[in-house]
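Descriptive analysis of the structure
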Amino acid sequence: MSPSSTRYFAVESSEPADPISGQVPKKLRYGVGGTWKASATATYMPCYDPSTGAVIALAPQCTEAEVAETIAAAEAAFPAWRDTPVGVRAQVLFRMKGLLEQHLDELTHLCALENGKTWDEAKGDILKVIEVVEYASGAQHLMKGESLMNVSRGYDTVRYNEPMGVFAGIAPWNFPAMIPQGWMAPICLVTGNCMVLKAASYAPQCAMRITELWQEAGLPDGVLNIITTSRNEAEIFLRHPAIKGVTFVGSTKVGKHVYGTAAGNGKRVQALCEAKNHALVLRDAVIDATAARIINSFCGCAGERCMALAAIVVENAIADDLVARIRDLAGKLTLGKAYDKETSLGPVVNAGHRAFVTRWIDTAVAEGATLVLDGRNPKLPAGCEQGFFVGPTILDRVTPEMTCGQEEIFGPVLCVKRVDSFEEGLAVMNANRFANGSVIFTESGHFAREFARRTDGGMVGVNVGIPVPVGVFGFTGHKQSFFGDLHCIGRDGFIFYTETKNVTTTWLSRVEHPTRVSTWDGTMTRG
């Protein structure tokens, strides 16, 4: 956005104040071609502080014309950005890294405020943006192609990796900074493409504020545009001829639609979807250390992450002891305002999602699961009574026919499945249709190796409860957790956002080249 433009929001004194906070909510704008504009829509979605229930912002559900406007702005900016040397593009990312570090506390607070992550979790959300910006800054090396001199007599071939045009990023609400501004924007932009981000209407402010920082870092107008809109208007991204590819993160149902529709319209697609990550806990596991990692894995980020450890498969020999230890640790978690640094379990994103999670707990009890710990009506500190909290919940003796153990709940809910052996446990885990992450807790090198080799999970942890690799390796979900050919970030990210061009060259000489040209024009090496 140009330095003289308005901010990503306005506070209109004529609007009524929120009854909980007493503050007038921000009225958010959309960013297009270097300016922040007020939408012509009559429909705005409330954005909450989930710790208190106060409405802190109103996100416009932008019109079809406004979506098309952002695409047109990106398309217009592409030729000049494509032709900017990759080293110059990387310098924007170097400056961006410094700005993100400079504004780390501000962004951390904003993330905790709009999403409900605790302070440390929200800080991690921002640090993961910095991680990918650092990685993408190496584009001069990572975009390099390949060459072979004298591939046939007198002929040389060079392969280049080139930007493609305009990409769309459709982001969820659960990581409002990391996913749009870490997984999507940095590699897309540094490779010379332009992007339109559809930020999540529930929690769009981190992505918008970071978009302001991109401009401060020197990103040209129109290279990155950002909008909030409904699912109906977002359909344009899947069909518009100027969009070359789509990165989507969200539910499996919608991900299948995005993948099928966008790919059917000739676009590249990476669709990162739901999960039901399992851990296999063998009888030789170190109980206390394992329990601590399980608590972090299913309660961290209030369970609202596709790498949450939503189910454990435990050998019967230690199941009672482990469940008791997990219950004890869960009881020590401190619920409270997400931006209070003493809080260890924050709220879920809004009232609708709280109802979704608690309905799953109701379903689990109705299906016959043993309710070891019930988080449906947690005790809350003063000021949080109208917040959207779910306490840690443990469901024991979950059996294969129970849907609670098969589907993503996306809250601080742990399903415990009991087995008698490694083989039985691995079979239970691999029977699930999702395969983002899988974990084993054991001190046995044999079983750890067998597990890593035979699990369906795309990201595997050995005594690591959240086995998300650092950005250089990428995010590699499998089965119905991912639809596409090239995964997010890592080396795959650079391949996804570029296309290859092979250039074969020879230099004509009357002495070296006959006047008659063969069918293969000299590139055949077998006679």
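Moving on, we get to the overall build of the protein chain. From N to C terminus, the protein chain includes 15 helices and 24 strands. In terms of overall size, the protein chain behaves like a compact globule, its C-alpha atoms giving a radius of gyration of 25 Å where 527 residues would be expected to give roughly 24 Å. Over its C-alpha atoms, taken along the principal directions, the protein chain stretches across nearly 85 × 65 × 40 Å. The proportion of buried residues among the 527 residues of the protein chain is 56%. The contacts of the protein chain with a sequence gap of at least 6 include a subset with a gap of at least 24, amounting to 73%. Only carbon and sulfur atoms are counted for the fraction: they give 52% of the accessible area of the protein chain, which is about 21,700 Å². Across the protein chain, the centroid of the 50 positively charged side chains sits 4 Å from that of the 55 negatively charged ones.

A few words on the environment of Gly352. Within the element layout of this structure, Gly352 appears in helix α12 (residues 351–367). With relative accessibility at 47%, the residue Gly352 sits in the partly exposed group. Along the backbone, Gly352 and Gln181 are 171 residues apart, and their C-alpha atoms lie at a distance of 26 Å.

All right, on to helix α6 (residues 178–190) then. With 13 residues, α6 should cover 18 Å at 1.5 Å per step; its first-to-last C-alpha distance of 17 Å lies within 8% of that length. Remark: the principal bend of α6, roughly 30°, maps to Met184, with a proline, Pro186, within the next four residues. Where burial is concerned, most of α6 is hidden: 13 out of the 13 residues are buried. Downstream of α6 by one or two residues, Gly192 has phi in the positive range, about 100°.

Turning next to the nonpolar core. One finds Leu100, Trp183, Met195, Trp214, Phe237 and Phe494 to be the most contacted residues of the largest nonpolar core, which totals 106 residues. Broken down by element, this core gets its largest block of residues, nine residues, from α6. Not counting chain neighbours up to four residues away, the residues in contact with Phe237 comprise Val67, Ile71, Ala168, Val196, Lys198, Ile227, Ile243, Val246 and Lys267. Grouped together as the second largest cluster of nonpolar side chains are 47 residues, Ala279, Ile318, Val323 and Leu345 included.

The sheet built from three strands is open, its strands ordered β7-β8-β24 with antiparallel pairing. Each of the sheet's edge strands pairs with one partner strand only, and the pair in question is β7 (146–152) and β24 (498–505). Averaged over all pairs of adjacent strands, the angle between their axes in this sheet comes to 20°, without regard to strand direction.

Packing of helix α8 (residues 231–239) against helix α9 (residues 252–264) brings their axes to within 8 Å, and their N-to-C directions diverge by 35°. Taken as a pair, α8 and α9 cross one another with a handedness that is right-handed. Residues Arg231, Glu235, Leu238 and Arg239 of α8 form the contact with α9, whose participating residues are Val254, His257, Val258, Thr261 and Ala262. Here the residues of the contact of α8 with α9 are counted per class, giving four nonpolar, two polar and three charged.

Evaluated as defined, the whole model comprises 11 aromatic pairs. Between Tyr48 and Phe388, the ring centres sit 5.5 Å apart and the planes meet at 90°, which makes this aromatic pair edge-to-face. A residue pair is termed long-range when its members are at least 10 positions apart, and Tyr48 in strand β5 (residues 44–49) and Phe388 in the loop between β16 (370–373) and β17 (393–396) qualify at 340 residues. For Tyr48, a relative accessible area of 26% puts it in the partly exposed group. Ring geometry for Phe167 versus Tyr497: centroids 4.8 Å apart, planes at 75°, classification edge-to-face.

Our next topic: the sheet that holds β17. Taken in spatial order, the seven strands make up an open sheet running β16-β17-β18-β15-β14-β20-β21, and their pairing is mixed. Each end of this open sheet is capped by a strand with a single partner; those strands are β16 and β21 (459–462). Averaged over all neighbouring strand pairs, the angle between strand axes comes to 20°, with direction disregarded. With five bridges connecting them, strand β14 (residues 277–281) and strand β15 (residues 309–315) associate as parallel partners. Residue pairing across strands places Leu280 opposite Val313, the latter belonging to β15. Each of β14, β15, β16, β17 and β18 (413–419) is contacted by helix α11 (residues 316–330), which is oriented at about 145° to β15, the strand it contacts most. The sheet contacts of helix α13 (residues 422–430) involve β14, β15, β18 and β20 (437–441), and relative to β14 the element is tilted by about 175°.

The calculated volume of the largest pocket comes to roughly 980 Å³. Together, 33 residues line the largest pocket, and Pro172, Trp173, Arg231, Gly250 and Ser251 are the ones closest to its centre. Classifying every residue of the lining of the largest pocket by side-chain character gives 17 nonpolar, 11 polar and five charged. Space inside the second largest pocket adds up to approximately 590 Å³. Glu121, Phe175, Cys301, Arg305 and Ile466 are, among the 34 residues lining the second largest pocket, the residues nearest its centre. Only α4 (119–136), α6 and α10 (287–299) provide two or more residues apiece to the lining of the second largest pocket. Residue contributions to the lining of the second largest pocket peak at eight residues, all from α4. Among the residues making up the lining of the second largest pocket, the classes are represented as 18 nonpolar, nine polar and seven charged.

One can find Lys26 in strand β2 (residues 26–28). Counting along the chain gives 20 residues from Lys26 to Pro46, while the straight-line C-alpha distance between them is 9.9 Å. Those residues in contact with Lys26 that sit more than four places away from it in its chain are Tyr8, Phe9, Ala10, Val11, Ile56, Ala57, Leu58 and Gln205. Among the polar contacts listed, one links the side chain of Lys26 to the side chain of Gln205, at a separation of 3.0 Å.

Glancing now at the side chain of Asp18. Relative to the helices and strands, Asp18 resides in the loop between β1 (9–10) and β2. One buried charged residue, Asp18, forms no salt bridge at all, with the nearest opposite charge on Lys337 at 12 Å. Within the structure, the side chain of Asp18 is placed 2.9 Å from the backbone nitrogen of Ile20, a separation counted as a polar contact. Within polar-contact distance, the side chain of Asp18 engages the backbone nitrogen of Val55 at 3.0 Å. With near-sequence residues (within four places) excluded, Asp18 lies in contact with Gln23, Pro25, Ala54 and Val55.

This paragraph deals with helix α14 (residues 445–454). Along α14, the positions that sit buried rather than exposed are Ala448, Glu450 and Phe451. Taken down its axis, α14 places every buried residue within 165° of arc, on the same side. With respect to the buried face of α14, the exposed residues turned more than 90 degrees away are Gly445, His446, Arg449 and Arg453.

Cut-offs and rules
Residues numbered from 1 in each chain as written. Predicted model: local features only at pLDDT ≥ 70, side-chain atom pairs only at ≥ 80, totals over all residues. Heavy atoms only, no water. Helix = DSSP H or I, 4+ residues; strand = E, 2+ residues; numbered from the N terminus. Rg over C-alpha atoms; globule rule 2.2 N^0.38 Å. Buried < 20%, exposed > 50% of the residue type's maximum accessible area, 1.4 Å probe, protein only. Contact = heavy atoms within 4.5 Å. Areas by Shrake-Rupley, 256 points an atom, 1.4 Å probe, with all protein chains shown as cover. Lys, Arg positive; Asp, Glu negative; His and termini not counted. Charge placed at Lys NZ, Arg CZ, Asp CG, Glu CD. Expected span 1.5 Å × (residues − 1). Bend = angle between axes of the 7 residues up to and from the residue. Core = buried A, V, L, I, M, F, W, Y, C linked by side-chain atoms within 4.5 Å. Pairing = 2+ DSSP bridges. Axes fitted to C-alpha atoms, helices over the stretch in contact; angles between N-to-C directions. Left-handed = near helix turned anticlockwise from the far one by under 90°. Nonpolar A, V, L, I, M, F, W, Y, C, P; charged D, E, K, R; others polar. Phe/Tyr/Trp six-rings, centres within 6.5 Å; stacked < 30°, edge-to-face > 60°. 1 Å grid on protein atoms, 1.4 Å probe; cavity = no way out; pocket = protein on both sides within 12 Å on 5 of 7 lines; lining within 4 Å. Points joined across faces, edges and corners; volume = space filled by probe spheres on them. Polar contact = N/O pair within 3.5 Å; in protein donor to acceptor, adjacent residues only side chain to side chain. Salt bridge = Lys/Arg side-chain N within 4 Å of Asp/Glu carboxyl O. Arc of directions from axis to C-beta.

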